[in-house]
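Here is what each chain is made of, one letter per residue.
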Amino acid sequence: FDVRTYLHYLGGRDQNTLTYARQEELAGMGSSFGPTPEGWMREYFRQARVVHALVQKWKERSAATHASLLTRLQDRRTGVRDGNFRITRGKLYFRRPLPFALDLLLELFQVVARHGAGLRPETERWIRDHLSQISPSTPDVWSRFQGILTSPFAYDALVAMHQTGVLVRLFPEFRFIDCLVIRDFYHRYTVDEHTLLTIKHLHDLHP
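Residues numbered from 1 in each chain as written. Predicted model: local features only at pLDDT ≥ 70, side-chain atom pairs only at ≥ 80, totals over all residues. Heavy atoms only, no water.

1. Observations regarding the overall build of the chain
Item 1. Helix and strand counts for the chain come out as ten helices and four strands.
Item 2. Along the chain direction, N to C, the helices and strands of the chain fall in the order α-α-α-α-β-β-β-α-β-α-α-α-α-α.
Item 3. Within the chain, buried positions represent 34% of all 207 residues.
Item 4. When contacts within the chain are restricted to residue pairs at least 6 apart in sequence, those whose partners lie at least 24 apart make up 54%.
Item 5. Surface accessibility of the chain: about 12900 Å² in total, with carbon and sulfur atoms responsible for 57%.
Item 6. Distance between charge centres in the chain, computed from 28 positive and 22 negative side chains, equals 9 Å. (Helix = DSSP H or I, 4+ residues; strand = E, 2+ residues; numbered from the N terminus. Buried < 20%, exposed > 50% of the residue type's maximum accessible area, 1.4 Å probe, protein only. Contact = heavy atoms within 4.5 Å. Areas by Shrake-Rupley, 256 points an atom, 1.4 Å probe, with all protein chains shown as cover. Lys, Arg positive; Asp, Glu negative; His and termini not counted. Charge placed at Lys NZ, Arg CZ, Asp CG, Glu CD.)

Right under this line is the structure:
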């Protein structure tokens, strides 16, 4: 809200484009902004990510509410089964309730990496409820993680792991590049997104 208000003030009209030059002007102007453009833009991206996730969930709940009974029955019949999981309308969920285990969590993201599926809200809740049980010191995490990296939709799985907090729990060093902004004209993305997109482009280059 503060960003939008200041953009209107500086532009003298209803102008909502957060340009490179406007970032410089906004730095240090208000209580919501830090002293440097890099610092407050990093926080801006973190908050924007939360808002985006909330809007997506609202849209999915709205669509599910308005789906007909026939549509729901068709979804159940045409969904994809993969191990402990099922994918319906591009969203992944458990076929039956299961207790948390790291192997199960990594299996979940391997299914995402194979099919490019998103996560149903209840699947995300299951993950977030057990984040404290994920430790980077767990043996053989890297060897199991390789299966995700080498799958066709590795980028989708990594994004899901990042958004649910799993990536940072497994690899705490990733926190240092989370929403990190490099302010020059050659960097279109934050460092974390740039890193994940690099993996996606490597997959795209593979024949």
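Now that the structure is up, let's keep going.
2. Brief notes about the packing of helix 8 (residues 154–163) against helix 10 (residues 191–205)
Item 1. Look at helix 8 against helix 10: their axes get within 8 Å of each other, and the N-to-C directions meet at 160 degrees. Relative to helix 10, the element helix 8 is oriented roughly antiparallel. In terms of crossing hand, the pair formed by helix 8 and helix 10 is right-handed. Between helix 8 and helix 10, the contacting residues are Ala154, Tyr155, Leu158, Val159 and His162 on the first element and Asp192, Glu193, Leu196, Leu197, Ile199, Lys200 and His203 on the second.
Item 2. Grouping the constituent residues of the contact of helix 8 with helix 10 by class yields seven nonpolar, two polar and three charged. (Axes fitted to C-alpha atoms, helices over the stretch in contact; angles between N-to-C directions. Parallel < 35°, antiparallel > 145°, perpendicular 65-115°, else oblique. Left-handed = near helix turned anticlockwise from the far one by under 90°. Nonpolar A, V, L, I, M, F, W, Y, C, P; charged D, E, K, R; others polar.)

3. Considering the packing of aromatic side chains
Item 1. The final tally for this structure, using the stated rule, is seven aromatic pairs.
Item 2. Relative to Phe171, the ring of Trp142 has its centre 6.4 Å away and its plane inclined at 80 degrees; by these criteria the two rings are edge-to-face. Here Trp142 is found in helix 7 (residues 141–149), whereas its partner Phe171 is found in the loop between helix 9 (166–170) and helix 10, with 29 residues between them in sequence.
Item 3. Residue classification places Trp142 among the partly exposed residues on the basis of a relative accessible area of 47%.
Item 4. Site record: aromatic cluster; members linked through ring pairs are Phe85, Phe94, Phe100 and Trp126. (Phe/Tyr/Trp six-rings, centres within 6.5 Å; stacked < 30°, edge-to-face > 60°.)

4. A closer look at the nonpolar core
Item 1. Counting residues in hydrophobic clusters, the biggest one holds 36 residues, and the most contacted among them are Leu92, Leu105, Leu108, Phe109, Ile127, Met161 and Val166.
Item 2. At the level of elements, strand 2 (85–88), strand 3 (91–94), helix 5 (102–115), helix 6 (121–129), helix 7, helix 8, helix 9 and helix 10 are the ones that each hand at least two residues to this core.
Item 3. No other element matches the nine residues that helix 5 contributes to this core.
Item 4. Leaving out residues up to four positions away in the same chain, Leu105 has contacts with Phe100, Trp126, Ile127, Ile134 and Val166. (Core = buried A, V, L, I, M, F, W, Y, C linked by side-chain atoms within 4.5 Å.)

5. Some thoughts on helix 8
Item 1. Among the ten residues that make up helix 8, eight are buried, leaving the element largely enclosed by the rest of the structure.
Item 2. Gly165 sits one or two positions beyond helix 8 and adopts a positive phi of about 90 degrees.

6. Concerning the confidence of the model for the chain
Predicted coordinates in areas of low pLDDT are best not read in detail.
Item 1. In the predicted model, the chain carries a mean pLDDT of 86, and the fraction of residues at 70 or more is 91%.
Item 2. Mean pLDDT across the elements of the chain bottoms out in helix 4 (residues 69–78) (52) and peaks in helix 8 (96). (pLDDT = per-residue confidence, 0-100.)

7. Side note on the environment of Ile177
Item 1. Considering the arrangement of structural elements, one finds Ile177 in the loop between helix 9 and helix 10.
Item 2. Here the alpha-carbon distance between Ile177 and Ile148, two residues 29 residues apart in the chain, equals 21 Å.
Item 3. Residues in contact with Ile177, not counting those within four places in the same chain, are Arg42, Val191, Asp192 and Thr195.

8. Points about unusual backbone geometry
Item 1. Notably, Arg89 is not glycine yet its phi reads approximately 55 degrees, a positive angle.
Item 2. Among the secondary structure elements, Arg89 is positioned in the loop between strand 2 and strand 3.
Item 3. Of note, the phi angle at Cys179 is positive, near 55 degrees, even though the residue is not glycine.
Item 4. Here Cys179 lies in the loop between helix 9 and helix 10.

9. Concerning the sheet that holds strand 3
Item 1. As summarised here, the arrangement of the four strands in space is 1-2-3-4, forming an open sheet in which the pairing is mixed. Each edge of the open sheet carries a strand with a single partner, namely strand 1 (80–82) and strand 4 (118–119).
Item 2. Bridge count between strand 2 and strand 3: four bridges; the pairing is antiparallel. Bridge pairing in strand 3 links Arg86 to Tyr93. (Pairing = 2+ DSSP bridges.)

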